[in-house]
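Residues per chain are reported as follows:
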2 protein chains.
Amino acid sequence: MNEKQPTIVDVAREAGVSIATVSRAMTGGSVSSVSRRKVEAAAERLNYRPGYYRSDPIKEAKHFIAAVLSSQTNPYYAAMCEGITAEAARSGYKLLVFSYPEGTSCETVAADLLDLRPAGALLAGFPTERSVNPETTRASLMRIQEAMPLVAIGPPVEGIECARQTLPDPSQCVRKAMAHLCMLGHRRIAFVGGDRSARFSTIRENAYYEEVQRYSCRRDPMYVMLTGTNVQAGELGVSILLGNHAREDHPTAIFAINDLVALGAMRQLHRMGLSVPGDMALVGCDNAFFTQYLTPSLTTIDLHPYEHGRSAVAELIMSISAGKPIAFNQSFESTLIVRESCGAALGVRTFEDAP
Amino acid sequence: MNEKQPTIVDVAREAGVSIATVSRAMTGGSVSSVSRRKVEAAAERLNYRPGYYRSDPIKEAKHFIAAVLSSQTNPYYAAMCEGITAEAARSGYKLLVFSYPEGTSCETVAADLLDLRPAGALLAGFPTERSVNPETTRASLMRIQEAMPLVAIGPPVEGIECARQTLPDPSQCVRKAMAHLCMLGHRRIAFVGGDRSARFSTIRENAYYEEVQRYSCRRDPMYVMLTGTNVQAGELGVSILLGNHAREDHPTAIFAINDLVALGAMRQLHRMGLSVPGDMALVGCDNAFFTQYLTPSLTTIDLHPYEHGRSAVAELIMSISAGKPIAFNQSFESTLIVRESCGAALGVRTFEDAP
DNA sequence: ATATCGGTTGTAAACGTTTCCACAGGTCAA
DNA sequence: TTGACCTGTGGAAACGTTTACAACCGATAT
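Residue positions are given per chain, counting from 1 as you read along its sequence in written order. Starting at A for chains and at 1 for ligands, labels are handed out in the order in which the entities are written. Thresholds applied to this predicted model are a pLDDT of at least 70 for local features of residues and 80 or more for the giving and counting of side-chain atom pairs; totals over whole chains, interfaces and linings are not thresholded and use all residues. Only hydrogens and water are removed before side-chain values are computed, so all heavy atoms of the structure are retained for them.

**A look at the packing of helix α10 (residues 231-243) of chain B against helix α11 (residues 259-271) of chain B**
All names here are of chain B. Following both chains from N to C, one finds α10 and α11 inclined at 45 degrees, their axes separated by 6 Å at the closest point. On the basis of the axis angle, α10 is oblique to α11. Note that α10 runs across α11; the crossing there is right-handed. Residues V231, A233, G234, E235, V238, S239 and L242 of α10 touch α11, and the partners they reach there are L260, V261, L263, G264, A265, R267, Q268, L269 and R271. Helix axes are fitted only over the stretch in contact, all axes being lines through C-alpha atoms; the angle between N-to-C directions runs from 0 to 180 degrees. A run of DSSP states H or I qualifies as a helix once it reaches four residues; a run of E qualifies as a strand once it reaches two. Both are numbered from the N-terminal end. For classification purposes, angles smaller than 35 degrees are called roughly parallel, those larger than 145 roughly antiparallel, those between 65 and 115 roughly perpendicular, and all remaining angles oblique. Definitions for this section: a left-handed crossing has its near helix turned counterclockwise from the far helix by less than a right angle. A right-handed crossing has that turn clockwise. Residues are treated as being in contact if the distance between any of their heavy atoms lies within 4.5 Å.

Below, the structure is given as C-alpha cells:
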C-alpha cells in the first residue's frame, strides 16, 4: 500500500526523453509517433499513472470512497447500494459510484480507481464475478490493493485473493429453500435459472446437488435448467422442463435462482394451465420488492443486501483508519420469507414415505 | 466558468498568516486556535476549497463526469442512470455517480462537486426538486455552474435558472392519460398520489385540473388524493376516495401519479371487491418493469428516461467540448402504453353524451 | 544557395500545495 | 538567571505536473 509510485521523471528516464515529452504524450499533445511509442512502452513497464501528485493527505482529507457495482438494474445490488450509501453518509465519507456498462473489464475499473485514488474502494459482485481473463483480473485486483484499502463483496474466485472478501454464504439460500420444500414433502424439485459463467450460479447449482443428495430427492439432470437470469429465462426454463417430462415425472416444486426467473416461471406455468401452488410449488430468491405483490405472493429468500452493504462499508472504513486490512468476520444469515407460492404440505406423509 | 478560484495564497493574505499556517489549518496540523479561526473565517469569505491545484487540463484529460440523482430506488431514475452510463461510456467519458441519502442539501452536493472538479456535472431531479432553502440552493447551483459545465434534468424551479435545463414536459403524461380515459368515455376521473412538496407533483396536479376543464369532467376536490408516492399511498388514496363517496359518485377511472401508487390502488380495489378494469379503469405512470406482469397488466405512460439520460449526457459532453453551454432543444414525447387496466370503451356513447 | 515553415524537442518556469527547518517566544525547573 | 523544552510560525524547498519559450531539424519554396 505504501510503495513509491513511479513519477513522470521515472518514465522520462526509462523512455530516454524529457519529462515535457512524457507529459505531452500522456495528455495528447503533439509528439512524434516514435516518441509516443517509447513513452507508452515505458509507462506500461513502470505501471505509471499520471496524477499521483495528488498526494495522500489530500485524499484522506476528502474522505471519498469509491464503489463499483456489477449492475445497477439488479434489485439486489440496488438495495446493497442503498445500504452502502447510508453507512458511508453516517460515517462522514462521500460515496462515489463508478457506473459502467455491462461487461466492463477489471482492468478498466482498476485504471479508473487508480486515477481517482479514493480513500478506499468497495467492489460488489464485480469484477470477481465474471472475468474474461483470470490472469489480468488478478493483476488488476492486486494493483488496486496496493494502492488503497479494498473490500470485495462476493464469493472468492480461485487464485484471486482479496485482502478482505466479505460474502453472505451464496449457497445458504439454496439450502434454506430446499429444506423448506422438502419439509413440505417435495422430493421432485427443479432448479431453474443461472448460467455457468456466473460464479454465484455454479455455487448454488452445486449446493442444489448436495441438497438433492441429502434429502434423497429425485436426481434428474433434466431438472436443472441453466437458462439465464431474467424473466424470459424463467419462462423458457419452465417450458423446456415440462415439455421434457411426462406428466407423472414433472417436478412438484421449483427453486428459481432469483425472483425475476421465478416471475417468468410463474407466468409460464399459468400459461400452461398449471396453478401455483396447487400444481407446482415455487421459491424465488432475493426478496425483490415486487414478490410480495404477486398472486400468489412469492416465497423467497432475503439475502439482506442492505445490511451487507452497510457492514462492508463499515469494514472498509475501519481498514482505512487502521491503515491495514481489518478482519470483520460478520456472518450473514439469509432468511426464508414464507408466502403463498408453496402452499400447504404436499399430500399426507405416511410411514411408507420415510426412508 | 473561468473565473479564478481563490488559492491558498489568497487565503493567507486575507487571514494575515503564512501559507504554511493555512495549509496546516486545513489539513489538521498543529495551529493555535486563534490562527485556525482566522484561517477559517478567511476561507469562508473567499469560498476557498483546497485541491484546486489539480489544474484544468487534468480533469479534462481524465474525462470524468459526475452525476447526481435524486434517488436510486425509483425505477424512473434507475433507467435514466442506465442511459447516462451508456452514453457516457460510448463517448469515452467515465461516469461517477454521487450517491447521497435522501434529503441531502444542495450545498453538500455543490461542495462535493467543487472538491472533485469533474469535467462536467449532471443533476437529475436533484436538487431542483425539493429544497429546504431556495436561496442557498440557488447560490449552490450558481457555484457549480461557475466551476463546470452543468446540465440539470427536471422541471425548472422559479428563480433558479440553470444554464441548461432539459426536461420532458412533466405534464404531458397527465394529458395523454386523461385524453385516453376521456376517449374511452370516462368523465369521473380521480387523481391519486403525489405530494405538494415535490415540484413534478404539483405540475401534474395542475395539468389534471386543466384537463378536467377541457373535457368537462366531474370537478370534485375529493377526487384528488395527494397521499404520497409509494404503494401505501395508492392503497390509502383509494380507500379514502371510495369511502368518501356514495357508490354512484365513485369515479370510474383513476390516474395514479406513478406505477407504485397504481399498484397500491389496484390492490386496494381488489381488496374492496372492485374489479379492474370492470369497475374502475386505472392508468399508471413511468412504465416500470413490473407493470407488464400485473394482472390485469397496467396501462401506463413511458417517459423514456433511458433516452432522456442519454441525451442529457450528449448535451453535457457537447457543452464540455464547446466550452460553453449548448442549447440542445430536443423534445421528449411521452408515450401511452395501452394494456389491460383500462378495458374497453365505457358504455355506449350516444348523441346525448356529446356536449 | 537561402529563406521560411511546420513539427518536435528540451529547458526552465510556473502551478498550488505540503513539509522541512529554523527561529521566536513562552513556560518551567533547577 | 540560566538552561531545557515546548508550541506556533514563516521562509523556502520540494512535490509531480503542465506549459511558455526557444532551439532544432528537415523539407519545401524561392
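**Regarding the interface of chain B and chain A**
Between chain B and chain A, the residue contacts involve 35 residues of the former and 35 residues of the latter. A pairing counts as a salt bridge when a side-chain nitrogen of Lys or Arg comes within 4 Å of a carboxyl oxygen of Asp or Glu. Here chain B and chain A share two salt bridges between them. Think of a polar contact as two N or O atoms within 3.5 Å of one another; within protein, one of them needs to be a possible hydrogen donor and the other a possible acceptor, and neighboring residues in sequence only count if both atoms come from side chains. Linking chain B with chain A are five residue pairs in polar contact (both at pLDDT 80 or more), by the criterion used here. At the level of elements, α4 (56-62), α5 (75-90), β2 (94-99), α6 (106-116), α10 and α11 of chain B are the ones that each hand at least two residues to the side of chain B that touches chain A. For the side of chain B that touches chain A, the leading source of residues is β2(B), giving six residues. Ten residue types, Ala, Val, Leu, Ile, Met, Phe, Trp, Tyr, Cys and Pro, are classed as nonpolar, four, Asp, Glu, Lys and Arg, as charged, and the remainder, Gly among them, as polar. Tallied by class, residues from the side of chain B that touches chain A come to 19 nonpolar, nine polar and seven charged.

**Let's talk about the relation of the copies chain B and chain A**
For the least-squares superposition of copies, only C-alpha atoms count, and only for residues with pLDDT at least 70 in both. The transformation that overlays chain B on chain A combines an axial shift of 0.1 Å with a rotation of 180 degrees, and the residual RMSD is 0.5 Å. This pairing of chains is accounted for by a two-fold axis. The rotation axis passes nearest to the C-alpha of V97(B) in chain B, at a distance of 2.4 Å. When the interface residues of chain B are mapped onto chain A, 100% of them again fall at the interface, so both copies present the same face.

**Focus on helix α8 (residues 172-183) of chain B**
Residues lying three or four places apart along an α-helix face the same way, a consequence of the helix completing one turn every 3.6 residues. All names here are of chain B. In a regular helix each residue adds 1.5 Å, so 12 residues correspond to 16 Å; α8 covers 16 Å between its end C-alpha atoms and thus fits that length. Q172, C173, V174, A177, M178, H180, L181 and C182 are the residues of α8 that are buried. Buried residues in α8 make contact with β6 (189-192), α9 (199-214), β8 (253-256), β9 (281-283), β10 (300-302) and β11 (335-337). Downstream of α8 by a residue or two, G185 has a phi angle that is positive, lying close to 105 degrees. How far a helix is expected to stretch is found by multiplying one less than its residue total by 1.5 Å. Throughout this description, buried means an accessible area under 20% of the type-specific maximum (1.4 Å probe, protein chains only), exposed means over 50%, and partly exposed covers the range between.

**Describing the domain arrangement of chain A**
Domain start and stop points were drawn from an automatic or database domain assignment. Partitioning chain A into structural domains gives domain 1 (8-45), domain 2 (60-168 + 305-324) and domain 3 (172-302 + 337-346). The gap between the C-alpha centroids of domain 1 of chain A and domain 3 of chain A is 57 Å.

**So, the sheet that holds strand β8 (residues 253-256) of chain A**
Sheets are built from strands that pair by backbone hydrogen bonding, the pairs being arranged parallel or antiparallel. Residues and elements named next belong to chain A. Two strands make a pair as long as DSSP finds a minimum of two bridges between them. Taken in spatial order, the four strands line up as β7-β6-β8-β9 in an open sheet, and their pairing is parallel. Strands with a single pairing partner mark the edges of an open sheet, and in this sheet they are β7 (224-225) and β9 (281-283). Bridge analysis of strand β6 (residues 189-192) against β8 gives four bridges, and the strand direction is parallel. Bridged to I189 within β8 is A253.

**So, the pairing of strand β2 (residues 94-99) of chain A**
All names here are of chain A. Across the six residues that make up β2, a large majority, five, are buried. Two strands pair when backbone bridges link them, and strand β1 (residues 64-69) and β2 are joined in this way by five bridges, in the parallel orientation. What sits directly across from A67, in β2, is V97. For crossovers, right-handed means that the path from the first strand over the helix to the second runs clockwise, given strands pointing away from the viewer. Since β1 and β2 lie parallel, the crossover through helix α5 (residues 75-90) that links them has a hand, and here it is right-handed.

**Side note on the nonpolar core**
As used here, the term nonpolar core means buried Ala, Val, Leu, Ile, Met, Phe, Trp, Tyr and Cys residues forming a set that is joined through side-chain atoms within 4.5 Å. Of all hydrophobic cores here, the largest spans 144 residues; its most connected members are I65(A), I254(A), I65(B) and I254(B). Ignoring anything within four residues of it in the chain, the contact list for I65(A) reads A88(A), Y93(A), K94(A), L95(A), L96(A), P118(A), A119(A), G120(A), V313(A), L316(A) and I320(A). A66(A), A110(A), A147(A) and L116(B) belong to the second largest nonpolar core, which has 40 residues in total.

**Brief notes about the packing of aromatic side chains**
Residues and elements named next belong to chain A. Within 6.5 Å between ring centres, the rings of Phe, Tyr and Trp (the latter by its six-membered ring) count as paired, and their orientation is classed by plane angle as stacked under 30 degrees, edge-to-face over 60, tilted in between. A complete count under the given rule lists 16 aromatic pairs over all chains for this structure. Their ring planes at 45 degrees and their centres at 5.2 Å tell us that F191 and Y208 sit as a pair that is tilted. Here F191, found in strand β6, pairs with Y208, found in helix α9 (residues 199-214); they are 17 residues apart in sequence, far enough to count as distant. One exposure class covers both F191 and Y208, and it is buried. Three or more aromatic residues joined by ring pairs form one cluster here, namely F191, Y208, Y209 and F255.

**Considerations on the environment of A119(B)**
You can see A119(B) is positioned in the loop between α6 and β3 (120-124). Sequence separation of A119(B) and L241(B) is 122 residues, and the distance between their C-alpha atoms is 49 Å.

**A word on the pattern of salt bridges**
Counting across every chain of the model gives 26 salt bridges over all chains. Note that D112(B) is salt-bridged to K94(A), the shortest N-O span being 3.5 Å. Of this pair, D112(B) sits in helix α6 while K94(A) sits in strand β2, which puts the two residues in different chains. Judged by relative accessible area, K94(A) falls into the partly exposed class, the value being 25%.

**A word on the state of the cysteines**
Here a disulfide denotes one covalent bond, and it connects the sulfur atoms of two cysteines. All names here are of chain B. Cysteine sulfur atoms are paired as a disulfide whenever they come within 2.5 Å of each other. Counted according to the given criterion, the structure contains zero disulfides over all chains. This cysteine, C285, is not joined by any disulfide, and C173 carries the nearest cysteine sulfur, 3.8 Å off. Of the residues examined, C285 reaches a relative accessible area of 0% and is grouped as buried.

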